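Observations on chain architecture
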Amino acid sequence: MPNRGLLGLLLLGAAGAAAARVALRSAKRIAPGGALERTNFRGRSVSLAGGPALAAAASTAAAFGAASPPAAAAALVAGAGAGAVGLYDDIVGARPDQRAAKGFAGHLSALRSGRVTSGLVKIVGVGAAATAAAALLAADRRDTARRPVTRAADVLLGAGVIAGTANLVNLLDLRPGRAAKAGLLIAAPLLAGPTAGTAAGTSGAVLGLLRDDLDEQVMLGDCGANALGALLGVAVAQRTGPAGRAAVLAVLAGLTAASERVSFTQVIARTPGLRELDALGRRTP
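Residues numbered from 1 in each chain as written. Predicted model: local features only at pLDDT ≥ 70, side-chain atom pairs only at ≥ 80, totals over all residues. Heavy atoms only, no water.

**A few points about the layout of surface pockets**
- In this model, the second largest pocket occupies a volume close to 400 Å³.
- Taken together, 14 residues form the lining of the second largest pocket, with L172, R178, A182, I268 and L274 sitting closest to its centre.
- Residue assignment for the lining of the second largest pocket shows that the elements contributing at least two residues are helix 6 (148–172), helix 7 (178–187), helix 11 (264–270) and helix 12 (274–279).
- At five residues, helix 7 tops the list of elements feeding residues into the lining of the second largest pocket.
- Here the residues of the lining of the second largest pocket are counted per class, giving 11 nonpolar, no polar and three charged. (1 Å grid on protein atoms, 1.4 Å probe; cavity = no way out; pocket = protein on both sides within 12 Å on 5 of 7 lines; lining within 4 Å. Points joined across faces, edges and corners; volume = space filled by probe spheres on them. Helix = DSSP H or I, 4+ residues; strand = E, 2+ residues; numbered from the N terminus. Nonpolar A, V, L, I, M, F, W, Y, C, P; charged D, E, K, R; others polar.)

If you want it as structure tokens, here you go:
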């Protein structure tokens, strides 16, 4: 697919936003009563319909804007796959017997006890979607196509970046608009070169739902946050070489490990600049 100019990227973003609005109305209409209703941190009833709406719209727009057919397929596989298992966790994970397992360690502990949690299904599913997407991206790189060892390393690094970014965005989805803002910040440097269309389509879908997210009408949940992170991870993996992907993966692993010990919400609340950006546009108590 040819590179798009500024007007093309703006149109792609607008299409992503429009698709997100249409998908949101459809998700609210199709979902059985109460199935997607959750209580947020302030005790307000909020719909999880924003998650499937974002996953569907962003995956489609990102694929349409991708630089090549394999990159388009990677976006669809990563976004739709991560979104699907995230939606499963949103619905099944709300059950009382599932709530006890928290974090990666909690899910592994439950598995050792003979229980397969919805969170573990999500981890495995996101990993599988990330690996498939990374393999599609690797097939699009002629320099690794004929070297099995190099290609295997390329796929593993790419899968780690895609799955790690999906997890990081999900970890930030604890306050209205936070994951969406983080996604837009990550997408900004990707709005040039071969990843421009993917980033523009994804950003447009996010912007289409941002107002409702900030106003506590919808939330992204695991479905939307995982899909958003996976799509951004595809763009990052496509944009970087092996050394760059290894560096990004190291940062993602460090942040994930830190999240097991430190509250990102408390860090943001104590950090000038981050605190104001986090609260920007959000409904006041």
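**A closer look at the pattern of salt bridges**
- Within the structure shown, the criterion is met by 11 salt bridges.
- Linking R42 and E216 is a salt bridge whose minimum nitrogen-to-oxygen distance equals 2.2 Å. On the criterion of sequence distance, the pair formed by R42 in the loop between strand 1 (37–39) and strand 2 (45–47) and E216 in the loop between helix 8 (196–214) and helix 9 (221–239) is long-range, its members being 174 residues apart.
- By relative accessible area, R42 is classed as partly exposed at 31%.
- For E216, a relative accessible area of 1% translates into the label buried.
- Taking the shortest distance from any N to any O, the salt bridge between D89 and K122 comes out at 3.5 Å. (Salt bridge = Lys/Arg side-chain N within 4 Å of Asp/Glu carboxyl O. Buried < 20%, exposed > 50% of the residue type's maximum accessible area, 1.4 Å probe, protein only.)

**Quick word on the packing of helix 8 against helix 9**
- Where helix 8 meets helix 9, the closest approach of the two axes is 10 Å, and the angle between their N-to-C directions is 160°. The angle between helix 8 and helix 9 places the two elements in the roughly antiparallel class. As for the relative orientation of helix 8 and helix 9, their crossing is left-handed in sense. Facing helix 8, whose interface residues are T198, T202 and V206, helix 9 presents L228, L231, L232 and A235.
- For the contact of helix 8 with helix 9, the per-class residue count stands at five nonpolar, two polar and no charged. (Axes fitted to C-alpha atoms, helices over the stretch in contact; angles between N-to-C directions. Parallel < 35°, antiparallel > 145°, perpendicular 65-115°, else oblique. Left-handed = near helix turned anticlockwise from the far one by under 90°. Contact = heavy atoms within 4.5 Å.)

**Section: the nonpolar core**
- Judged by nonpolar contacts, the single largest core of 56 residues is most densely connected at L54, I162 and V234.
- For this core, the secondary-structure elements that each account for two or more residues are helix 1 (6–30), helix 2 (50–65), helix 3 (69–92), helix 5 (118–139), helix 6, helix 7, helix 8 and helix 9.
- Sort the elements by how many residues they give to this core and helix 9 lands first, with nine residues.
- In this structure V234 touches A74, A75, A78, A133, L137 and I162, once residues within four positions along its chain are discounted.
- Of all hydrophobic cores here, the second largest spans five residues; its members include L168, L172, A182 and F264. (Core = buried A, V, L, I, M, F, W, Y, C linked by side-chain atoms within 4.5 Å.)

**Focus: the packing of helix 5 against helix 6**
- Where helix 5 meets helix 6, the axes come as close as 7 Å, and the angle between the chain directions of the two elements is 135°. Relative to helix 6, helix 5 is oriented oblique. Remark: the crossing between helix 5 and helix 6 carries right-handed chirality. Facing K122, V126, A130, T131, A133, A134, A135, A138 and A139 of helix 5, the residues of helix 6 in contact are R151, D154, V155, G158, A159, I162, A163, A166 and N170.
- Counted by class, the contact of helix 5 with helix 6 contains 12 nonpolar, three polar and three charged residues.

Function cannot be read off these values alone, since they describe shape.
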